[in-house]
Amino acid sequence: MITGETLLYGLVAHPAHHSLSPLIHNMGFDQQAINARYVVFDSQSQPAAVSQAINTLGIAGINLSMPYKQTMRPFVDMLSPSAQLSGAINTIKNDNGRLIGINTDGDGFWRALQQASPMQNRAQTVILGAGGAALAVIEAAASYGVQTLTVFKRANQTYPQVAKRLAKIATTRHITINLYPFDDEVALQQTLATTDCLINATNLGMQATPGFPIAPRLIAQIPSACLCADLIYAPRETAFLKTARLTNHPTLNGLGMLVEQAALSFEFWTGKTLVTAPIYAALTEENKQ
Ligand code: NAP
């Protein structure tokens, strides 16, 4: 029941109405009998206005997605070291008017992978794309057994600044990171020949942007023990994951990342654990409708 004491949490993003986060967090509040609700704010306001709204309305916590993960950084009072290093935040806690920003995407992805395939070798990992989500996954990788990360990114205007950020992550996290232009097919083929884990962190394969991040013939050539993972969860099986499955590779979609990053945000806000089994069941059910 909503009362005068009910705390308000939410997602600020655009587009946002498709989000599964309200289902996840409201189940969590019910599980833990926390007097709080989570709603979606589909917003295109300036980041400064969002920050002001959080404080003015006393919103207890916010998740951020496109286009706010990077732009909200200057408008919080404190950043966790991993948010600072990855350059993006996906979670804000309002601590009595002090906004604290963290990023749970990276740990969320690796926790999901660890749970789904605990024995999976990931020493040599390849990441396609270097946007906000990819940088969070890259920043957290060293804590989950990755030794060498090879990143492929389009050689556009953001390439030099991404190269700089990757160099900083490599030094700070004591990990080897190589960066190549997306269209360097020789480097791609050579790297894929020895990869343990191949992650699609581009938008390619989403409902709005269908297609493959790399040519299907390359997927067939990678080692059969290589895990093919996609950060995308809508659709649950992208063209990339379907081809990987049909060529007998283990696969992982982005649903686990979605749930695990939410669980970490929930814990940060409330100090309580999100019990994820019923949430996975509800999301599977939701997918059938
Ligand atoms: P983003 O910051 O916009 O980054 C998108 C990346 O995709 C960029 O590196 C971009 O390349 C690359 N890209 C786009 N079109 C491309 C193309 N035609 N060829 C090669 N590269 C292309 O987005 P994001 O927030 O990182 O999200 C990336 C994906 O992760 C999305 O599909 C999103 O749904 C998913 N995601 C999932 C979760 C989850 O919980 N499962 C959480 C966050 C994000 P440039 O850098 O060259 O522009």
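Quick note: structure is the one above.
Residues numbered from 1 in each chain as written. Predicted model: local features only at pLDDT ≥ 70, side-chain atom pairs only at ≥ 80, totals over all residues. Heavy atoms only, no water.

Draft legend 1. Looking closely at the packing of aromatic side chains. Taken as a whole, this structure holds seven aromatic pairs when the rule is applied. With a centroid separation of 4.9 Å and 45° between ring planes, the pair formed by tyrosine 9 and tryptophan 269 is classed as tilted. Of this pair, tyrosine 9 sits in strand S1 (residues 7-13) while tryptophan 269 sits in helix H10 (residues 255-270), and the two are 260 residues apart along the sequence. Tryptophan 269 shares its class with tyrosine 9; the two are buried. With 5.0 Å between their ring centres and 80° between their planes, phenylalanine 109 and tryptophan 110 make a pair best called edge-to-face. The exposure class assigned to tryptophan 110 is buried, which follows from its relative accessible area of 0%. Connected via pairs of aromatic rings, a cluster forms that spans Tyr9, Phe29, Tyr38, Phe266 and Trp269. (Phe/Tyr/Trp six-rings, centres within 6.5 Å; stacked < 30°, edge-to-face > 60°. Helix = DSSP H or I, 4+ residues; strand = E, 2+ residues; numbered from the N terminus. Buried < 20%, exposed > 50% of the residue type's maximum accessible area, 1.4 Å probe, protein only.)

Draft legend 2. View of the site of the ligand. Around the ligand, the structure places 21 residues, and the nearest of them are Ala130, Ala133, Lys153, Asn156 and Leu231. Within the contact set of the ligand, an oxygen atom lies 3.0 Å away from a side-chain nitrogen or oxygen of arginine 154. At 2.9 Å from an oxygen atom of the ligand is found a side-chain nitrogen or oxygen belonging to asparagine 156. For the ligand, whose free accessible area comes to 910 Å², the fraction covered by protein is 79%. The set of elements that each furnish at least two residues to the shell around the ligand consists of helix H5 (132-141) and H10. (Near = heavy atom within 4 Å. Polar contact = N/O pair within 3.5 Å; in protein donor to acceptor, adjacent residues only side chain to side chain. Areas by Shrake-Rupley, 256 points an atom, 1.4 Å probe, with all protein chains shown as cover.)

Draft legend 3. Here's a closer look at the environment of asparagine 156. In this fold, asparagine 156 is placed in the loop between strand S8 (148-153) and helix H6 (159-173). Using a relative accessible area of 27% as the deciding quantity, one classes asparagine 156 as partly exposed. Spatially, the C-alpha atom of asparagine 156 lies 8.9 Å from that of proline 181, the residues being 25 residues apart in sequence.

Draft legend 4. Highlighting the sheet that holds S1. Taking strand neighbours across the sheet as the criterion, the six strands line up as S2-S1-S3-S5-S6-S4 in an open arrangement whose pairing is mixed. The sheet terminates laterally at strand S2 (36-42) and strand S4 (78-79), the two strands that pair on one side only. Relative to strand S5 (residues 91-95), strand S3 (residues 61-64) runs antiparallel, the two being bridged by three bridges. If you follow isoleucine 62 over to S5, its bridge partner there is isoleucine 92. Here helix H1 (residues 21-31) sits on the sheet in contact with S1, S2 and S3, set at roughly 170° to S2. Here H10 sits on the sheet and contacts S1, S2, S3, S5 and strand S6 (98-102); the angle it forms with S5, its principal contact strand, is near 5°. (Pairing = 2+ DSSP bridges. Contact = heavy atoms within 4.5 Å. Axes fitted to C-alpha atoms, helices over the stretch in contact; angles between N-to-C directions.)

Draft legend 5. Molecular detail of the pattern of salt bridges. Inspection of every chain in the model, using the stated rule, returns seven salt bridges. The partner of aspartate 95 in a salt bridge is arginine 98, with the nearest N and O atoms 3.5 Å apart. With relative accessibility at 32%, the residue aspartate 95 sits in the partly exposed group. With a relative accessible area of 38%, arginine 98 lands in the partly exposed category. The salt bridge involving arginine 217 is made with glutamate 185; its shortest N-O contact spans 2.8 Å. Taken together, the residues span a long stretch of sequence, with arginine 217 in helix H8 (residues 216-221) and glutamate 185 in helix H7 (residues 185-192) at a distance of 32 residues. The exposure class of arginine 217 is partly exposed, given its relative accessible area of 45%. On the accessibility criterion, glutamate 185 (35% relative accessible area) is partly exposed. (Salt bridge = Lys/Arg side-chain N within 4 Å of Asp/Glu carboxyl O.)

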